[in-house]
Amino acid sequence: MSQKRTIDAFFGPVPKRPRKDTAVKENSQEERDEIILRSQHSKYPFPIAELSASICKELYSLPARPARTINNEPDLDLLYFEPYIPDYLARQLFQHLRAELPFYKVEYQIKRGGIETQVRTPRWTTVFGIDETSKFDEDGTVIDANTGMKVPADRRYDKCPPRPLPKCLDELRQSTETATDCKFNFCLVNYYASGADSIAFHSDDERFLGQDPAIASYSLGARRDFLMKHKPEAPNQGASSPIKTGVIKFPLNSGDMILMRGRTQSKWLHSIPKRTGKNQEDGGRINITFRRAQTKEGTENYYNYNVGSGPVYRWDKTSGTMMQWKPS
Ligand SMILES: O=C(O)CCC(=O)C(=O)O
Ligand SMILES: [Fe+2]
């Protein structure tokens with residue numbers, strides 16, 4: 001057998017078992033790629049496979065193309081990597097993440113015009129990370145970022161306990177930090193199973209992200225339109241002539257990454273609209289965003305809306321759908 005790669009202590013490998021269905025060749029690259037290491041944490045429903053050694057190596061050569069700055073509209077500041085990840089690699093990443101990550105279909109209540117409505121998130125979601133007041137030690141225990149002491153029970157961490165980024169997402173985070181000069185402590189993942197899944201116009205400008213947050217957003221899989229429009233300005237606010245930009249459309253391809261920064265979140269809205277008709281069955285799309293939350297309220301918010309309190313789902317290759325997962 002070939003050598004085991006070194007890994008962080010708390011991502012300890014599941015005992016190695018050669019796969020029965022593969023003919024083992026002597027110390028070849030294929031053989032090394034057959035050894036599946038898994039990230040583990042007490043708050044993961046199941047261990048999460050790492051990327052193969054060969055995919056991992058490819059991540060070091062990213063981004064595939066230098067970024068283009070898009071700042072030709074009022075308050076808009078984007079870095080567009082077209083692509084960040086080349087197509088063949090984006091395809092492998094898509095397959096890996098869809099098969100390996102735990103997903104959720106979060107439901108929550110909102111009050112509109114005094115009436116309570118139940119909302120079912122129109123896509124699959126999952127999240128990993130912790131705000132900057134805390135971090136994980138080598139065993140995966142939540143410790144205070146300053147003192148290094150174990151964080152005592154905190155209501156904001158109780159309902160959905162925080163969990164670290166698995167190695168397969170953490171490696172992309174590291175690449176993203178190097179390419180953008182930004183720091184991230186959260187990774188949110190959306191899976192749009194078909195064109196019927198969507199995200200409505202919104203901005204990611206919560207207070208817990210601080211002023212003018214930078215958010216890196218990756219697309220893998222099916223091409224979907226990313227729409228942006230300026231927030232309406234109050235009539236007598238600042239500018240002598242009101243801002244009229246209309247809707248800007250980015251047809252995002254697999255492997256593309258957009259870094260939204262500056263006033264983009266405070267002044268603009270973005271969305272992924274549904275696709276209808278013959279475009280609806282598109283094979284699915286994964287969106288990964290890296291963000292930096294500053295307070296425990298951020299951790300609470302992200303887990304509430306991306307994990308929630310419902311069942312865990314996992315991709316089922318046979319049926320090609322997400323299936324409810326139960327511990328065996
Ligand atoms: O899927 C996308 O590209 C956008 C996702 C998004 O805006 C969000 O998760 O806040
Ligand atoms: Fe967003």
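Computed from a predicted structure; not experimentally measured. (Residues numbered from 1 in each chain as written. Chains lettered and ligands numbered in written order. Predicted model: local features only at pLDDT ≥ 70, side-chain atom pairs only at ≥ 80, totals over all residues.)

Hey, could you run me through the overall build of the chain in this one?
Helix and strand counts for the chain stand at 7 helices and 19 strands. When each of the 328 residues of the chain is scored for burial, the buried share is 31%. Considering only residue pairs separated by 6 or more positions, the chain has 74% of its internal contacts joining residues 24 or more positions apart. (Helix = DSSP H or I, 4+ residues; strand = E, 2+ residues; numbered from the N terminus. Buried ≥ 20, exposed ≤ 12 C-beta atoms within 10 Å, placed from the backbone. Contact = placed C-beta atoms within 7 Å.)

Is there a simple way to think about helix H7 (residues 296-306) in this case?
Among the residues of H7, those classed as buried are Lys-296, Gly-298, Thr-299, Glu-300, Tyr-302, Tyr-303 and Asn-306. For H7, the secondary structure elements touched by its buried residues are strand E7 (124-129), helix H4 (155-158) and strand E10 (186-192). Immediately downstream of H7, the backbone of Gly-308 shows phi near 70°, a positive value.

Please explain helix H3 (residues 87-100) as it appears in this structure.
Over its 14 residues, H3 extends 20 Å from the first C-alpha to the last, a length consistent with the 20 Å expected when each residue adds 1.5 Å. Buried within H3 we find Leu-89, Ala-90, Leu-93, Phe-94, Leu-97, Arg-98 and Glu-100. (Expected span 1.5 Å × (residues − 1).)

Before we go on, may I ask you to explain the sheet that holds strand E14 (residues 247-252) in this structure?
Pairing between sheet strands relies on hydrogen bonds along the backbone, with the strands arranged either parallel or antiparallel. Reading across from one edge, E11-E16-E13-E14 is the order of the 4 strands in this open sheet, with antiparallel pairing throughout. Each of the sheet's edge strands pairs with one partner strand only, and the pair in question is strand E11 (199-202) and E14. Taken pair by pair, the neighbouring strands of this sheet meet at an average axis angle of 15°, ignoring direction. (Pairing = 2+ DSSP bridges. Axes fitted to C-alpha atoms, helices over the stretch in contact; angles between N-to-C directions.)

So what exactly am I meant to see when it comes to the pairing of strand E13 (residues 224-230) here?
Consecutive side chains along a regular strand alternate between the two faces of the sheet. Alignment of E13 against E14, held across 6 bridges, turns out to be antiparallel. By the bridge assignment for E14, Met-228 is matched with Ile-248. Judged from the 4 bridges that link them, E13 and strand E16 (residues 268-272) form a sheet pairing that is antiparallel. The residue of E16 that forms the bridge with Leu-227 is Ser-271.

Just checking my understanding: could you explain the sheet that holds strand E15 (residues 257-260) for this structure?
Across the sheet, 7 strands lie side by side as E3-E4-E15-E12-E17-E10-E7; this open sheet has antiparallel pairing. Across the chains shown, the open sheet's two edge strands, defined by having one partner strand only, are strand E3 (68-70) and E7. Ignoring strand direction, the axes of neighbouring strands in this sheet form an average angle of 20°. Sitting on the sheet, H3 is in contact with E10, strand E12 (215-221) and strand E17 (285-291), with an inclination near 95° to E12. Across the sheet, helix H5 (residues 167-180) touches strand E4 (78-81), E7, E10, E12, E15 and E17, and the angle it forms with E17 is around 60°.

Would you mind showing me how to read the nonpolar core here?
Soluble globular proteins tend to pack their nonpolar side chains together in the buried interior. Counting 51 residues, the largest nonpolar core has Val-127, Phe-186, Cys-187, Val-189 and Leu-259 as the members making the most contacts within it. With 6 residues, E10 is the single largest residue contributor to this core. Beyond its immediate stretch of four places on either side in the chain, Val-127 contacts Phe-186, Cys-187, Leu-188, Tyr-302, Tyr-303, Asn-306 and Val-307. (Core = buried A, V, L, I, M, F, W, Y, C linked by C-beta atoms within 7 Å.)

Would you mind going over the UniProt feature "binding site: 2-oxoglutarate" (unreviewed entry) in the chain with me for this structure?
Per the UniProt annotation, the sites labelled "binding site: 2-oxoglutarate" (unreviewed entry) are Asn-190, Tyr-192, His-202, His-270, Arg-285, Thr-289 and Arg-291. Tracing the backbone through its elements, the reader meets Asn-190 in strand E10. According to the C-beta neighbour criterion, Asn-190 is buried, with 22 such atoms within 10 Å. Each residue touching Asn-190, except ones within four places of it in the same chain, is listed here: Arg-123, Thr-125, Ile-199 and Asn-287. By secondary structure assignment, the location of His-202 is in strand E11. (UniProt positions renumbered as here; feature names shortened; annotations may be inferred.)

Hey, could you run me through the site of ligand 1 in this one?
In the vicinity of ligand 1, the contacting residues are Leu-188, Asn-190, Ile-199, Asp-204, Ser-217, Phe-226, His-270, Ile-272, Asn-287 and Thr-289. Every element with two or more residues in the shell around ligand 1 is listed here: E10, E16 and E17. In terms of residue class, the shell around ligand 1 is built from 4 nonpolar, 5 polar and 1 charged. (Near = placed C-beta within 6 Å. Nonpolar A, V, L, I, M, F, W, Y, C, P; charged D, E, K, R; others polar.)

Would you mind showing me how to read the confidence of the model for the chain here?
Chain-level pLDDT for the chain is 91 on average; 88% of the residues reach the 70-or-more range. Counting contacts from residues 1-25, a segment whose pLDDT is below 50, to residues more than four positions away or on other chains yields 27 contacts. At the level of chain-chain contacts, confidence expressed as ipTM amounts to 1.00, with global pTM at 0.89. (pLDDT = per-residue confidence, 0-100.)

How should the pairing of E7 be read in this particular structure?
With 6 of 6 residues buried, E7 is to be regarded as a mostly interior element. A two-sided burial pattern is seen for E7, the buried positions comprising Trp-124, Thr-126 and Phe-128 on one face and Thr-125, Val-127 and Gly-129 on the other. In the sheet, E7 pairs with E10 via 6 bridges, with the strands oriented antiparallel. Across the sheet, residue Trp-124 finds its bridge partner in E10, namely Tyr-191.

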